[in-house]
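Chain residues, written in single-letter form:
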Amino acid sequence: MSETSYLRETLNRRAKSLAHLRPIFDMEANKGRYPELPLAKLDLFRFASAVLDVIVTEMGGFHRGATYEQILSALAPQLLQALPNLDATKVDRVTSFLLDQLTNERERDAFRVRYQTSTPEVRLEWALAIFKLVELRDLEGDGQPRYVASAEAINIYLESLGVELEAQQAADEAALQHFIRHGKLDEAALAARTALARTVEYTEHFRKALRMVERSVESLNWVAEVLPKLDQARNHIEERIHAEDDLAAEAERKMSETDQAGREKLVFVKEQLEIAARKHNELLTLVMSSNRIFLDEHARQSFHPVSLAPFPNPQTAVLKPLLQRPAGETDQWLVANWHLLHPPAIEALPDFSQMVTKLWQERRATETVQPIIAPELENIEEPVPSFTTEVKIRVEDALESLPPETRLSDWLNELNDGNNDARHLAVLLAGQWYEGLEDGVVISADGRQLEYSDVYGDDLLISRKPHA
Amino acid sequence: MLDAPSQAAVAARLLLLAMTPRVTPANNAEYGELLQRYTGDTGFRDLVKAIARGMELQIYGDSTVHGLMLVSQPNGFFAPTLDSFRRNMSFRERVAYGLLHFVLAAYVYPNEDRLNDEDDVLSHKIRTADVARHAVEICESLRAMHQSGEVFSEQCVEGFNHMLSLPETDSSGGRQNLVAMTRYMLEKYAREGLFQEFEEAGETLFRARPQFRIQVRFMIRETESRLFRLMQEFEAKHNGAMAKEAN
């Protein structure tokens, strides 16, 4: 490559990388359009970086992305530093706003930014950079969506516009080794974090490239174009894994030479290196299996006509032509092809027990309600007494059989033959006498309690005057 | 190692689990295990595919995270029907609901790149009123391009005019307006596990799940093929008429 063409390529790459910054500049420039949010006092470049920081850090973890709650809890203290009176609702709204901007909610699409690029014929032409910064994914199928940063967003976050990723990874590791060897542990911790973020970026970059290959298997020469790149990638990843192992071993050796604070920093460095090694191992598996993925995709796409691959534009190729067809024709077709619109489903069988308990209940009365006619008072019959004559006799006989000075509990013991009505009546009579309504009986309490399952309260002393 | 009948039993079970709304390998261990076997064991995969064919189903996508994505054959045993969507619909409702499905698909995936995104990418936030507005805007732009001609029955009205004959919204709470119909459709999709429903600042919003992307890929491909056939038929007729005239 000549010096001129090298310069041209570098400028083209830089111009494209700067185009990736446009959404963040637009966000800052247009913040006045959201008067309901307190954005005027916030530096949105800083807060966008804070969002990316949480996301990239979480992408290095097992879950491979950050939840909304994680982003909110990391951002809240920083927002409160800038605006101490901000309430929880506003913190939530500002966080949502930042994420909506980074995911391009307004356009519901990737960002599309024009930039100028120079051709080999030394002519400047307009090109379109199509990219995403952040996207929401259901990575584990558990319905817990996680925000994931694109390689472009990580590039912005790492302030490394237009650098060659593989070379930068090697440079990051060299810097980390230098810091560990010379005992610059603060710098080593920071460098380890950057190296991990770069590994995450490389993973995203590679996955995206592989996806592009899958999309257009027909237009690529797999053996001549793709396989050599896969070989290079495999070599690069294996080198990184070796380097990460060596650095982790070096960090461990250094631990014995340093104090407690230094050891803690080295533990952090080692953790970052281990996560990076795990990421690289995952990527290596992906590289190894990409040949099979390609073959499967090739077989799948071979059955589709070339004009239909990969997918037609839902708006221009389908919706608009369909809307121009006569409604009657569309109706006939849809009635016969409703299966296109919804997934297959198992028809719910009626639940027999539910039918018995809920659906087959007796019909509610539908007759008109008869008016209630009040009877004449003289025609009202005497109410049925609560206790029968036999019960009353039984209760009185039991009391008579006891000495004149007795206790309620003794009376109840006499009535302990399973007839609850009799015991109930005895308790009611004792209560009535306690109120002083009966002249011949004196009732008093001495603090003792009844101990029966059917009666609760004071065990009363009953004194009856002899009959006159 | 399972014997052949047991293999067939678990294969059928995998398909039934895949058809159960909101069951995923993440929330159902059995589904996860069967899916692992489906991915790793070619013999088992072929058996599942064969049983799916017998059940008049097609495996349109598979992911160890999101499960098997099934679509039905026309009039298949498990094919969804108009009645399973909404009973006793009038002609006016049927056509509007059918077209609204395509409006929603085009709104969620505004171009082929979004439709071609990786399976696990969730859609942007979807507001019922925005989808209805999108329908009106597209139909109005199509109406502006077409000269108004006389039509003799509602069957002959173009789809966009049919849609524009419905009010966008109705404050009295009626069901024959675009906002109410879109909400009904989104809620139905959410029950089927194709959309997530959530609240934000007191507003109910939706997000399309990976399963919806697969359904739309199927729906868009099949519909495009049909439209392509219609166009070819039209051209053949037109050429025939021209040839007659020339003779």
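Here the structure is a predicted model, which means the values were calculated and not measured. Every residue gets a number counted from 1 within its own chain, in the order that chain's sequence is written. Each chain gets a letter, beginning with A, and each ligand a number, beginning with 1, in the order they are written. Local features in this predicted model are restricted to residues of pLDDT 70 or higher, and side-chain atom pairs are both shown and tallied only at a pLDDT of 80 or more, whereas totals for entire chains, interfaces and linings draw on every residue.

Considering the overall build of chain A
A count of helices and strands for chain A gives 16 helices and seven strands. We call a residue exposed when 12 or fewer other C-beta atoms sit within 10 Å of its C-beta, buried when the count reaches 20 or more, and partly exposed for counts in between; the C-beta positions come from the backbone. For chain A, the proportion of its 468 residues judged to be buried stands at 28%. Nonlocal contacts in chain A, meaning residues at least 24 apart in sequence, comprise 62% of its contacts between residues at least 6 apart. Every helix listed is a DSSP run of H or I at least four residues long, and every strand listed is a run of E at least two residues long, numbered separately from the N terminus. What counts as a contact here is a pair of residues whose C-beta atoms, placed from the backbone, lie within 7 Å.

What about the nonpolar core?
Within the largest apolar cluster, 119 residues are counted, with the highest numbers of intra-cluster contacts made by V51, I55 and A149 of chain A together with V103 of chain B. For this core, the element with the most residues is helix α5 (residues 91-108) of chain B, which contributes 12 residues. Beyond its immediate chain neighbours, meaning those up to four positions away, I55 of chain A contacts G65, A66, V134, Y147, V148 and A149 of chain A. Joining buried Ala, Val, Leu, Ile, Met, Phe, Trp, Tyr and Cys residues through C-beta atoms within 7 Å gives a set, and that set is a nonpolar core.

A closer look at the sheet that holds strand β7 (residues 458-464) of chain A
Residues and elements named next belong to chain A. When DSSP finds two or more bridges between a pair of strands, those strands are recorded as paired. If you walk across this open sheet you meet the three strands as β5-β7-β6, and the pairing is antiparallel. Looking at strand neighbours, the two that pair on one side only are β5 (405-407) and β6 (441-449), the edges of this open sheet. Between one strand axis and the next, the sheet turns by 25 degrees as a mean value, whatever way the strands run. By the bridge criterion, six bridges tie β6 to β7 in an arrangement that is antiparallel. The residue bridging S444 from the neighbouring strand is L461, located in β7. Lines are fitted to the C-alpha atoms to define the axes, a helix being fitted only along its stretch in contact, and any angle between axes, read from their N-to-C directions, falls within 0 to 180 degrees.

Regarding unusual backbone geometry
In this structure, V122 of chain A is a non-glycine residue whose phi angle is positive, near 55 degrees. One can find V122 of chain A in the loop between β1 (111-118) and β2 (124-131). The exposure class of V122 of chain A is exposed, given the 9 C-beta atoms found within 10 Å. With phi around 60 degrees, E56 of chain B is a residue other than glycine that occupies positive phi space. Overall, the presence of 16 C-beta atoms within 10 Å leaves E56 of chain B in the partly exposed class.

Here's the deal with the interface of chain B and chain A
With 73 residues of chain B in contact, the opposing surface of chain A contributes 51 residues. Of all the secondary structure elements, the ones that give two or more residues to the side of chain B that touches chain A are β2 (67-72), α4 (82-85), α5, α6 (112-115), α7 (128-145), α8 (159-164) and α10 (210-246) of chain B. Per-element accounting of the side of chain B that touches chain A gives the leading share, 13 residues, to α10 of chain B. Under the grouping applied here, Gly and all other residues not named as nonpolar or charged are polar, the nonpolar ones being Ala, Val, Leu, Ile, Met, Phe, Trp, Tyr, Cys and Pro and the charged ones Asp, Glu, Lys and Arg. Split by residue class, the side of chain B that touches chain A holds 39 nonpolar, 19 polar and 15 charged.

Quick word on the domain arrangement of chain A
We note that the domain assignment places domain 1 (1-162), domain 2 (164-303) and domain 3 (389-464) within chain A. Annotation comment: domain bounds sourced from an automatic or database domain assignment. Computed over C-alpha atoms only, the centres of domain 1 of chain A and domain 3 of chain A are separated by 86 Å.

So, the domain arrangement of chain B
Residue and element names in this part refer to chain B. Segmenting chain B into domains produces domain 1 (4-72) and domain 2 (82-232). For domain 1 and domain 2, the distance between their C-alpha centroids amounts to 30 Å. With nine residues of domain 1 at the interface, the matching set in domain 2 holds nine residues. Broken down by element, the side of domain 1 that touches domain 2 gets its largest block of residues, three residues, from strand β1 (residues 57-63). Of the residues that constitute the side of domain 1 that touches domain 2, the class distribution is five nonpolar, three polar and one charged.

Details of helix α2 (residues 29-40) of chain B
Residue and element names in this part refer to chain B. Helix span, as expected, comes to 1.5 Å for every residue beyond the first. Taking 1.5 Å as the rise per residue, α2 with 12 residues should run 16 Å; its terminal C-alpha atoms sit 17 Å apart, in good agreement. Within α2 the residues assigned to the buried category are Y31, L34, L35 and Y38. Axial view of α2: buried residues confined to an arc of 100 degrees, hence all on one face. Exposed positions of α2 whose direction lies more than 90 degrees from the buried face are A29, Q36 and G40. Check the buried side of α2 and you find it contacts α1 (4-18), α3 (42-54), β1 and β2. When we speak of the arc, we mean the arc of directions from the helix axis to the C-beta atoms.

Comments concerning the environment of E239 of chain A
Relative to the elements of secondary structure, E239 of chain A occurs in helix α9 (residues 222-255). Each C-alpha atom, one on E239 of chain A and one on H280 of chain A, is 9.9 Å from the other, the two residues being 41 residues apart in sequence.

What about the confidence of the model for chain B?
Residue and element names in this part refer to chain B. Taken as a whole, chain B shows an average pLDDT of 90; of its residues, 97% reach a score of 70 or greater. Along the chain, pLDDT gives the predictor's confidence residue by residue, from 0 to 100. Here α10 stands out as the least confident element of chain B, with mean pLDDT 86; α5 is the most confident, with 96. ipTM for the predicted complex: 0.92, alongside a pTM of 0.71.

Quick look at the pairing of β7 of chain A
Note: β5 of chain A against β7 of chain A, three bridges, orientation antiparallel. Within β7 of chain A, the position partnered with E405 of chain A by the bridge is S463 of chain A.

So, the packing of α5 of chain B against α7 of chain B
All names here are of chain B. Packing of α5 against α7 leaves a shortest axis separation of 10 Å and a crossing angle of 105 degrees. Considering the angle they form, α5 stands roughly perpendicular to α7. Across from L100, V103, L104 and Y107 in α5, the residues of α7 making contact are V131, H134, A135 and I138. Looking at the contact of α5 with α7 residue by residue, the classes come out as seven nonpolar, one polar and no charged. Here the angle decides the label: under 35 degrees means roughly parallel, over 145 means roughly antiparallel, 65 to 115 means roughly perpendicular, and every other value means oblique.

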